[in-house]
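Architecture at a glance
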Amino acid sequence: MTLPLAIYVLAVLIAALAGAASGMGLFWKSPGQSYEVVTHRGVTAQIFGRGLYRDDTVLIGAGFRAQDSVTLFLGCPLLLVAILLSAGGSMAGHLLLVGVLGYFLYVYASMAFGAFYNRLFLLYVALTSLSLFLFVASFVSVDRAALGAIFNSGAPIQPLAVFLIASGLITLIVWGAPLVAALSKNALPDRLDTYTTPVTYALDLAVITPSTIIAGLLLLQSDPLGIVIAFPLLVLIVLLVPLITLATLFQRAAGVKFTTAEMIGPVAGFVLLGVLGIVFVVALVSALA
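Summarised in this report is the structure supplied together with it. (Residues numbered from 1 in each chain as written. Predicted model: local features only at pLDDT ≥ 70, side-chain atom pairs only at ≥ 80, totals over all residues. Heavy atoms only, no water.)

**Some words on the overall build of the protein chain**
Rules: Secondary structure is summarised from DSSP: a helix means a run of H or I of at least four residues, a strand means a run of E of at least two, and numbering begins at the N terminus for each. It is over C-alpha atoms that the radius of gyration is taken, and the globule rule equals 2.2 Å times the number of residues to the power 0.38. Buried, partly exposed and exposed residues are distinguished by accessible area as a fraction of the type maximum, computed with a 1.4 Å probe on protein chains only: under 20%, between the cut-offs, and over 50%, respectively. Pairs of residues are marked as contacts when any of their non-hydrogen atoms sit within 4.5 Å.
A count of helical and extended segments in the protein chain gives 9 helices and 2 strands. Reading the protein chain from its N end, one meets helices and strands in the order α-β-β-α-α-α-α-α-α-α-α. In terms of overall dimensions, the protein chain is globule-like: its C-alpha atoms have a radius of gyration of 20 Å, near the 19 Å expected for 289 residues. When the 289 residues of the protein chain are sorted by exposure, 47% land in the buried category. Considering only contacts within the protein chain whose residues lie at least 6 apart along the sequence, 74% involve residues at least 24 apart.

In structure tokens:
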């Protein structure tokens, strides 16, 4: 099945706008250097001081540049491939389109709500809006009846369900535990610095964690809706591997100090999740072919 032409046209627009936004974040340079400030909470923070993210902290600004790299060189081309496959009537292409739109929604909602205000704010808002409505439109138009056959195809549905539920529970613990600990001590979460709230924690705990668990439970009940929810989660997991790896390298190069465990642990963990995500994506696509 194919979507209305307007959906594909708007998806191409997302790729173009995201390419422009990420290109500016990655390549636009302005004079300046990092500097320290003392926040109203009495915490010393290191500000990036240059480029589009000059008002963000070094940790966040360098991380955004890594995100821009992945969006520009992987996300945008992958979105265009998904558009072509979906327009050709491919079910796998349709699911890939849902998945990549989910990635863009996650990225630009994070930017719209979490980045220090900069000259691209309205573009972040536009990309969040476009990604949201196109994600919903492509999500609800998936032919779930046609997906039913995948449960008898030999695809690793139960291992995928366990993987998703485990990923959700791990995310709940990894993000939730530090927040609970900070609340119990009436303290701030680590590295909050100049920001008002940890947006990534909020999005992951409010949306990603329950989505993974719900998808896993639906798959265990052989409900095709579980496949539709799982696919964007798998695409996000796969794209987070280069994102987290590059962010760690960019942040280290910008002067952020990490312990060996802080550098190796997250990267190794996401690489493992990403490899498993690729395995499951390939298995699902093969089953749909």
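Having seen the model, we can carry on.
**Comments concerning the side chain of Thr248**
Mapped onto the secondary structure, Thr248 falls in helix 8 (residues 225–253). Residue contacts for Thr248: discarding those within four places in its chain leaves Phe258, Met263 and Val267.

**Thoughts on the nonpolar core**
Cut-off, in case you're wondering: Remark: nonpolar core denotes a set of buried residues (Ala, Val, Leu, Ile, Met, Phe, Trp, Tyr, Cys) joined through side-chain atoms within 4.5 Å.
Core analysis: the largest hydrophobic core is formed by 75 residues, its most contacted members being Leu79, Phe104, Tyr108, Leu160, Leu219 and Ile227. Those elements giving two or more residues to this core turn out to be helix 1 (5–27), helix 2 (58–87), helix 3 (91–114), helix 4 (121–140), helix 6 (157–184), helix 7 (199–220), helix 8 and helix 9 (260–288). Here the element with the most residues in this core is helix 3; it accounts for 15 residues. With residues up to four places along the chain from it excluded, the contact list for Tyr108 reads Ala18, Ala21, Ser22, Thr71, Tyr124, Leu127 and Thr128.

**Some remarks on the packing of aromatic side chains**
Note the threshold: When the centres of two rings from Phe, Tyr and Trp lie within 6.5 Å, Trp using its six-membered ring, the rings pair. Their planes under 30 degrees apart give stacked, over 60 give edge-to-face, and anything left gives tilted.
Scanning the entire structure with this criterion turns up 9 aromatic pairs. Pairing Tyr53 with Phe64 gives two aromatic rings, centres 5.2 Å apart and planes at 55°, and the pair type is tilted. Placement of Tyr53 in the loop between strand 2 (44–47) and helix 2 and of Phe64 in helix 2 is noted, with a sequence separation of 11 residues between them. For the pair shown, Tyr53 and Phe64 are each scored as buried.

**Points about the environment of Thr212**
On the secondary structure map, Thr212 appears in helix 7. Excluding anything up to four places from it in sequence, Thr212 contacts Leu164, Ile165, Gly168 and Leu233.

**Looking at the packing of helix 6 against helix 9**
Defined as follows: Under this scheme, a helix contributes an axis fitted over its contacting stretch, all axes are lines through C-alpha atoms, and angles between N-to-C directions fall in the 0 to 180 degree range. Crossings are sorted by hand: turned counterclockwise from the far helix by less than a right angle, the near helix makes the crossing left-handed, and turned clockwise it makes it right-handed. Here the term charged refers only to Asp, Glu, Lys and Arg, the term nonpolar to Ala, Val, Leu, Ile, Met, Phe, Trp, Tyr, Cys and Pro, and the term polar to all other amino acids, Gly among them.
With their axes 11 Å apart at the nearest point, helix 6 and helix 9 run at an angle of 145° to one another. In this structure, the crossing between helix 6 and helix 9 has a hand that is left-handed. Only Leu273, Leu276, Gly277, Phe280 and Leu284 of helix 9 make contact with helix 6, whose side of the interface consists of Ile157, Pro159, Leu160, Phe163 and Ser167. By residue class, the composition of the contact of helix 6 with helix 9 is 8 nonpolar, 2 polar and no charged.

None of the figures reported here should be taken as evidence of function without further support.
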